[in-house]
Amino acid sequence: MKNENVVITYIIGNGFDMAVLEALGQEYSTSYEEFYNYLSFFLKNKDKNSIYKKILESKNKNDKLWTDYELLLQDLVHQKISEIGQVENQNQKKDIYEDFMKDWEEIQYKFSDFLNYVITPDTLK
């Protein structure tokens, strides 16, 4: 008889984390709105970060969901690709790319900080 392994994958998302935190009675959640509030308070280069500026514009349009953020990033990446494509000077292309990546890195670090702020070691006990 042939020995076969069956692999089962569970994909959990789209509110699962927020439901668990709520069930645990946590004060904060991992909602996009909470992340925006966290960024607004802790991000140092708000006036220079192109991604934060887009988030602020989006927030003013009443965007509240993580999908809004994902679409915002998609649009912003397409804009940067277009911007780079319109520039002929290689140094300018490099500057546009590096500035965007610096902004992205800053947002990524703040997202990690945000998760550590919301989900503390005590939460996981």
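Residues numbered from 1 in each chain as written. Predicted model: local features only at pLDDT ≥ 70, side-chain atom pairs only at ≥ 80, totals over all residues. Heavy atoms only, no water.

**With respect to the overall build of the chain**
Step number 1: The secondary structure content of the chain amounts to five helices and zero strands.
Step number 2: The order of helices and strands in the chain, counted from the N terminus, is α-α-α-α-α.
Step number 3: With 125 residues in all, the chain has 26% of them scored as buried.
Step number 4: At a minimum sequence separation of 6, the contacts of the chain that also span at least 24 residues come to 62%.
Step number 5: On the chain, roughly 9,700 Å² of surface is accessible, and the fraction owed to carbon and sulfur atoms is 52%. (Helix = DSSP H or I, 4+ residues; strand = E, 2+ residues; numbered from the N terminus. Buried < 20%, exposed > 50% of the residue type's maximum accessible area, 1.4 Å probe, protein only. Contact = heavy atoms within 4.5 Å. Areas by Shrake-Rupley, 256 points an atom, 1.4 Å probe, with all protein chains shown as cover.)

**Re the environment of Glu27**
Step number 1: Note that Glu27 resides in the loop between helix H1 (16–23) and helix H2 (32–42).
Step number 2: Taking the C-alpha atoms as reference points, Glu27 and Val118, 91 residues apart in sequence, are found 8.3 Å from one another.

**Let's talk about the nonpolar core**
Step number 1: Of all hydrophobic cores here, the largest spans 18 residues; its most connected members are Phe35, Leu39, Ile51, Ile55, Tyr69 and Ile107.
Step number 2: Going through the elements one at a time, H2, helix H3 (50–60), helix H4 (66–86) and helix H5 (90–118) are the ones with two or more residues in this core.
Step number 3: Those residues in contact with Phe35 that sit more than four places away from it in its chain are Trp66, Ile107, Lys110, Phe111 and Phe114. (Core = buried A, V, L, I, M, F, W, Y, C linked by side-chain atoms within 4.5 Å.)

**Re the packing of H4 against H5**
Step number 1: Direction vectors running N to C along H4 and H5 enclose 165°, while the axes themselves pass 9 Å from each other. Between H4 and H5, the crossing angle belongs to the class labelled roughly antiparallel. Where H4 crosses over H5, the two elements pack in a sense that is left-handed. Between H4 and H5, the residues in contact are Trp66, Tyr69, Leu73, Leu76, Val77, Lys80, Glu83 and Ile84 and Lys93, Ile96, Tyr97, Phe100, Trp104, Ile107 and Phe111, respectively. (Axes fitted to C-alpha atoms, helices over the stretch in contact; angles between N-to-C directions. Parallel < 35°, antiparallel > 145°, perpendicular 65-115°, else oblique. Left-handed = near helix turned anticlockwise from the far one by under 90°.)

**Some details on the side chain of Ser29**
Step number 1: You can see Ser29 is positioned in the loop between H1 and H2.
Step number 2: For Ser29, a relative accessible area of 19% puts it in the buried group.
Step number 3: A polar atom in the side chain of Ser29 sits 3.2 Å from the backbone nitrogen of Ser31.
Step number 4: When near neighbours in sequence (up to four residues on either side) are disregarded, Ser29 contacts Met18, Leu21, Glu34, Phe114 and Val118. (Polar contact = N/O pair within 3.5 Å; in protein donor to acceptor, adjacent residues only side chain to side chain.)

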